[in-house]
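Residues per chain are reported as follows:
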Amino acid sequence: MKFIAGLFLFFILFSSILLCQSQLPSYYLQDEFSIASPTSYRYGLYGYVNPAVLSMIEEPDIYFAWSDQIGRWNDFNNYGLFTSFPHLGFYMVNTNFKPYTVTDYKFSTGFGTDAASFGMGYAWSSGDTKELNHSDYYTLGTIFRPIKYISFGLVGNLSTGNKSEGMVDFAVRPLGNELIALYADYAFGNRKLTTDLNWSAGAVAEVLPGLRISGRYFSDHFFNVGAELSFGRLGLTSESHFSKDGKYGYNTYGIRIGAYDRNIFSDLSTNNEYVKFELIGGMKY
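All figures in this text were calculated on a predicted structure; none of them were measured in a lab.

> What should I look at first to understand the overall build of the protein chain in this one?
When helices and strands are tallied, the protein chain shows three helices and 14 strands. A buried classification covers 48% of the 285 residues belonging to the protein chain. Here the analysis covers contacts within the protein chain between residues at least 6 apart in sequence; of these, 49% occur between residues at least 24 apart. Just so you have it, the protein chain exposes about 14600 Å², and 64% of that area is on carbon and sulfur atoms.

Structure representation (structure tokens):
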């Protein structure tokens, strides 16, 4: 019953969103530093896009990502800092489209269970907000996992200027676990920054413990290929972005520090176990 009620409320919200234009950073701009959609990928940018993800965070985690779309890889013109705690997240994303620069800040919270979770957030900006079409906005998000094989999420971004955008994404896990996820997402209500970009589809596969390979295709015929490698409490991410004719465009990079993640190195190490005996007195069975 709660599942149906949640769907009903979000579809009412999205039906109003369809009637609006947007005055806020588009969904695909917000999701630039993630290798997959929020529902399909374990971290999902820690609730930056869909705050419902925060209900699944068990330990503090920090993710710093940047791109070399403008300048060299170490110029840090475009970057994002994503921090998360159980049920709480804070984010800062700097976007540079020469000669304009804008910095977005966001605070989010999320609660729920593995079957259904909800979240909300508030974002504000500084810099050339008018030129880059950014404004303060609220985010409402939810994630449903009725069974272990499928999950889908709904997000609504409502700006303080009565402009809005909605997004829905859907993920399928054929094996019922994290080893492989196929997903698709669709954004609507935004026609300023992403005139020809409405949907994407892709896959994330964990080929070895902590080693994840991703691929994502967009409706404007661009595509991304990425990889993530976990060392336990440290992780590295890299993703290459290609144009519709297959020409390399730029790279995004990421460093994660904090929560423990499964990794191939734990399987390679050997654990020596000992039984402690008290040598004074009798020996118990």
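From this point, the narrative continues.
> Explain the environment of Glu-32 here, please?
Within the element layout of this structure, Glu-32 appears in the loop between helix H2 (27-30) and strand E1 (61-67). There is a polar contact of 3.2 Å between the side chain of Glu-32 and the side chain of Tyr-250.

> Help me understand unusual backbone geometry, please; the structure alone is not making it clear to me.
A negative phi angle characterises most non-glycine residues, just as the trans form characterises most peptide bonds. Each neighbour pair has its own omega, and for Lys-98 with Pro-99 the value is 10 degrees, a cis peptide bond. Positioned with a positive phi, His-87 is a non-glycine residue whose angle comes to about 75 degrees. Its place among the elements puts His-87 in the loop between strand E2 (78-85) and strand E3 (88-97). Accessibility expressed as a relative area gives 30% for His-87, which makes it partly exposed.

> For this particular structure, what's the right way to read empty space enclosed by the protein?
A probe matching the size of a water molecule, rolled over the atoms, marks out where space remains unfilled. Applying the stated criterion across every chain yields a total of two cavities of 30 Å³ or more. In this structure, the largest cavity encloses a volume near 70 Å³. Taken together, Phe-33, Ser-34, Ile-35, Tyr-41, Tyr-43, Gly-44, Leu-45, Tyr-46, Tyr-63, Glu-228 and Thr-237 form the lining of the largest cavity. Considering only residue class, the lining of the largest cavity consists of seven nonpolar, three polar and one charged. Roughly 30 Å³ of volume is contained in the second largest cavity. Together, Phe-33, Ile-35, Tyr-63, Ala-65, Thr-237, Glu-239, Thr-252, Tyr-253 and Gly-254 line the second largest cavity. Among the secondary structure elements, those contributing two or more residues to the lining of the second largest cavity are E1, strand E13 (234-242) and strand E14 (248-257). The element contributing the most residues to the lining of the second largest cavity is E14, with three residues. Along the lines of polarity and charge, the residues of the lining of the second largest cavity split into five nonpolar, three polar and one charged.

> Mind showing me how you'd approach the nonpolar core here?
Proteins that are soluble and globular tend to have nonpolar side chains buried together. One finds Leu-45, Tyr-46, Tyr-48 and Phe-82 to be the most contacted residues of the largest nonpolar core, which totals 26 residues. Mapped by element, the contributors of at least two residues to this core are H2, E1, E3, strand E8 (164-172) and strand E9 (180-188).

> Sorry, what's going on with the pairing of strand E7 (residues 150-159) here?
Regular strands place side chains that alternate from one sheet face to the opposite one. When you tally the buried positions in E7, you get eight out of ten residues, the bulk of the element. Sheet analysis places strand E6 (residues 137-147) next to E7, joined by nine bridges and oriented antiparallel. Bridging from a neighbouring strand, Tyr-137 pairs with Ser-159 of E7. Hairpin connection, E6 to E7: the antiparallel pair is bridged by two residues. Across nine bridges, E7 lies against E8 in antiparallel orientation.

Conventions and cut-offs
- Residues numbered from 1 in each chain as written.
- Predicted model: local features only at pLDDT ≥ 70, side-chain atom pairs only at ≥ 80, totals over all residues.
- Heavy atoms only, no water.
- Helix = DSSP H or I, 4+ residues; strand = E, 2+ residues; numbered from the N terminus.
- Buried < 20%, exposed > 50% of the residue type's maximum accessible area, 1.4 Å probe, protein only.
- Contact = heavy atoms within 4.5 Å.
- Areas by Shrake-Rupley, 256 points an atom, 1.4 Å probe, with all protein chains shown as cover.
- Polar contact = N/O pair within 3.5 Å; in protein donor to acceptor, adjacent residues only side chain to side chain.
- 1 Å grid on protein atoms, 1.4 Å probe; cavity = no way out; pocket = protein on both sides within 12 Å on 5 of 7 lines; lining within 4 Å.
- Points joined across faces, edges and corners; volume = space filled by probe spheres on them.
- Nonpolar A, V, L, I, M, F, W, Y, C, P; charged D, E, K, R; others polar.
- Core = buried A, V, L, I, M, F, W, Y, C linked by side-chain atoms within 4.5 Å.
- Pairing = 2+ DSSP bridges.

Distances and angles like these do not, on their own, reveal function.
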